[in-house]
Amino acid sequence: MPTTLLALTSLRPGGDGALHRYLEVVGPLMQTAGARLINRYEVKRTLSGKDLPEVVSIIEYPDAEAVRRVFDAAEYLALAPVREAAFQRYDICVLED
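Conventions used here
- Sequence positions are assigned chain by chain, starting from 1 and proceeding in written order.
- Only residues with pLDDT of at least 70 are given local features in this predicted model, and only at 80 or more are side-chain atom pairs given and counted; all residues enter the totals for whole chains, interfaces and linings.
- No hydrogens and no water enter the side-chain calculation; it runs on all heavy atoms of the structure.
- Counting from the N terminus, the helices are DSSP H or I runs at least four residues long and the strands are E runs at least two residues long.
- To estimate the expected span of a helix, count its residues, drop one, and scale the result by 1.5 Å.
- The cut-offs for exposure are 20% and 50% of the maximum accessible area for each residue type, with area from a 1.4 Å probe on protein chains only; residues under the lower value are buried, those over the upper are exposed, and the others partly exposed.
- In this description, contact between two residues means that some pair of their heavy atoms is separated by no more than 4.5 Å.
- Here a strand pair is declared whenever DSSP counts at least two bridges between the two strands.
- Throughout, an axis means a line fitted to C-alpha atoms (over the contacting stretch in the case of helices), and angles, computed between N-to-C directions, take values from 0 to 180 degrees.
- The pairing test for Phe, Tyr and Trp rings, Trp by its six-membered ring, is centres within 6.5 Å, and the orientation test on the planes gives stacked under 30 degrees, edge-to-face over 60, and tilted for anything in between.

Peer 1: Explain helix α1 (residues 16-33) to me, and be specific about the residues and the numbers.
Peer 2: Helix length check: α1, at 18 residues, gives a terminal C-alpha distance of 25 Å against a target of 26 Å (1.5 Å per residue), a fit within 8%. Taken residue by residue, α1 has Ala18, Leu19, Tyr22, Val25, Val26, Leu29 and Ala33 as its buried positions. Structurally, α1 contributes buried residues whose contacts are with β1 (3-11), β3 (55-61), α2 (64-71), α3 (74-77), α4 (80-86) and β4 (87-94). Phi turns positive, to about 85°, at glycine 34, one or two residues after α1.

Written as structure tokens, this is what we have:
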């Protein structure tokens, strides 16, 4: 059964190089796992709340095991300092079916 993730992200100022490195690693991991980007939205304006993300992305994986293969991969885990340099906000959650 497909598993849908919601990614709430904001880039860190000056983190363009780190973002490029992050995408170089994560893109192939996601592709191998069969993940696909359903949609990506830039937050246009805030109506309520604080510290909202700049971007909201919806990603679908074939199943929960495919999600684990990406997020438990040694290559992904090694990206922790790169993620920190690239993103000011990086929240990923699994949506309920």
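Peer 1: Could you give an account of the sheet that holds β1, naming the residues involved and the relevant values?
Peer 2: Across the sheet, 4 strands lie side by side as β2-β3-β1-β4; this open sheet has antiparallel pairing. The outermost strands of the open sheet, each flanked by one partner alone, are β2 (36-42) and β4. Across this sheet, the average inter-strand angle for adjacent strands is 15°, counted without regard to direction. By the bridge criterion, 7 bridges tie β1 to β4 in an arrangement that is antiparallel. The residue bridging leucine 6 from the neighbouring strand is cysteine 93, located in β4.

Peer 1: Hey, could you go over the side chain of threonine 9 for me, with residue numbers and the actual values?
Peer 2: Summarising the element assignment, threonine 9 is placed in strand β1. Under the relative-accessibility criterion, threonine 9 is labelled buried at 12%. Ignoring any residue separated from it by four or fewer positions in sequence, one finds threonine 9 in contact with Pro53, Glu54, Val55, Phe87, Arg89 and Tyr90.

Peer 1: Can you tell me about the packing of aromatic side chains, naming the residues and giving the values?
Peer 2: By the definition in use, this model includes 4 aromatic pairs. An angle of 45° between the planes, with centres 5.0 Å apart, marks the rings of phenylalanine 87 and tyrosine 90 as tilted. For phenylalanine 87, a relative accessible area of 7% gives the class buried. In this structure tyrosine 90 comes out as partly exposed when scored by relative accessible area, which is 22%. Members of the aromatic cluster, joined through ring pairs, are Tyr22, Phe87 and Tyr90.

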